[in-house]
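Listed below, chain by chain, are the residues.
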Amino acid sequence: DPNGGTITQEFKSEYAVGETITLEIPTRNGYVFKGYYTEKSGGTSLEMYIAEAGIDKDGLIFYAQWEVNKYTLKFNANGGTGTMNDQEFVHDTSQRITKNTYTKEGFKFKEWNTKADGTGTKYTNEKEIKLSDNLTLYAIWEETYSYIINKYSYDDNKKYIDKIDINTTVDNFK
């Protein structure tokens, strides 16, 4: 019984005493085959069963057992600073991407991307995703600008700051 997996092998209904039976290794997306066992979960492995008791029963069924794949999500600061721990995902299980903790002087975090230059798949911070393979996400940064605007007037050696209209552009101060 492939127990959720796939096999192409067909079995005869009866085998002769001493006849060799070769069991196909089944496949299952997102899982690793652990072996054949006497139960769907737990039980005795085929190898142990044969070693201890031999096969002398009619209608004996061995079940494939599986171990679910786990994948690692790595984070790359992509020019930023700080550290972030890798995140483990279980196949076909959704979870949120760990919140970005990297920083970069003069920049703000924009998003995650599968490519360092930002041309890959984009992910928002803390987006819920599923993985089917290991993945590295790169921090994508957006430059921030800050200006200190000083406009002074002088009156008899005293310096005053003038009121500045909120709609005044930076170019007016060059």
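Look above for the structure.
Our subject in this report is the structure included herewith. Keep in mind that what you see is a predicted model, and the values were worked out from it rather than measured. (Residues numbered from 1 in each chain as written. Predicted model: local features only at pLDDT ≥ 70, side-chain atom pairs only at ≥ 80, totals over all residues. Heavy atoms only, no water.)

1. Some remarks on the pairing of strand β6 (residues 107-113)
Here's step 1: Here six bridges tie β6 to strand β9 (residues 135-143), and the two strands are oriented antiparallel to one another. Bridging from a neighbouring strand, Asn113 pairs with Tyr138 of β9.
Here's step 2: Bridging between β6 and strand β7 (residues 122-123) involves two bridges; their strand directions are antiparallel. Looking at the pairing, Asn113 lines up with Lys122 of β7. (Pairing = 2+ DSSP bridges. Helix = DSSP H or I, 4+ residues; strand = E, 2+ residues; numbered from the N terminus.)

2. Quick look at the sheet that holds β7
Here's step 1: Strand order in this open sheet of five strands is β4-β3-β9-β6-β7, and the pairing throughout is mixed. At either margin of the open sheet sits one strand with a lone partner, and together these are β4 (87-90) and β7.
Here's step 2: Relative to β4, strand β3 (residues 70-76) is paired through four bridges, and the arrangement is antiparallel. Bridge pairing links Tyr71 to Phe89 in β4.

3. Some points on the nonpolar core
Here's step 1: Of all hydrophobic cores here, the largest spans 15 residues; its most connected members are Leu73, Phe75, Ile97, Tyr102, Trp112 and Ile129.
Here's step 2: The set of elements that each furnish at least two residues to this core consists of β3 and β9.
Here's step 3: Beyond its immediate chain neighbours, meaning those up to four positions away, Tyr102 contacts Phe75, Asn76, Ala77, Thr81, Gly82, Thr83, Met84, Trp112, Ala139 and Trp141.
Here's step 4: Judged by nonpolar contacts, the second largest core, of five residues, contains Tyr36, Leu46, Ala64 and Trp66. (Core = buried A, V, L, I, M, F, W, Y, C linked by side-chain atoms within 4.5 Å. Buried < 20%, exposed > 50% of the residue type's maximum accessible area, 1.4 Å probe, protein only. Contact = heavy atoms within 4.5 Å.)

4. Details of the pattern of salt bridges
Here's step 1: Scanning the model with the defined rule gives four salt bridges in all.
Here's step 2: One salt bridge in this structure joins Asp1 and Lys40, with 3.9 Å as the shortest N-O distance. Here Asp1 is found in the segment before β1 (31-37), whereas its partner Lys40 is found in the loop between β1 and α1 (46-53), with 39 residues between them in sequence.
Here's step 3: Residue Glu142 pairs with Lys108 through a salt bridge whose shortest N-O separation is 3.5 Å. One end of the pair, Glu142, is in strand β9; the other, Lys108, is in strand β6, with 34 residues separating them in the sequence. (Salt bridge = Lys/Arg side-chain N within 4 Å of Asp/Glu carboxyl O.)

5. Points about the packing of aromatic side chains
Here's step 1: By the definition in use, this model includes six aromatic pairs.
Here's step 2: The interplanar angle of 50 degrees and the centroid separation of 5.1 Å between the aromatic rings of Phe75 and Trp112 together place this pair among those described as tilted. Placement of Phe75 in strand β3 and of Trp112 in strand β6 is noted, with a sequence separation of 37 residues between them.
Here's step 3: For the ring pair Phe109 and Trp141, a centre distance of 5.9 Å and an interplane angle of 80 degrees mean the geometry is edge-to-face. Highlighted residues: Phe109 in strand β6 and Trp141 in strand β9, separated in sequence by 32 residues. (Phe/Tyr/Trp six-rings, centres within 6.5 Å; stacked < 30°, edge-to-face > 60°.)

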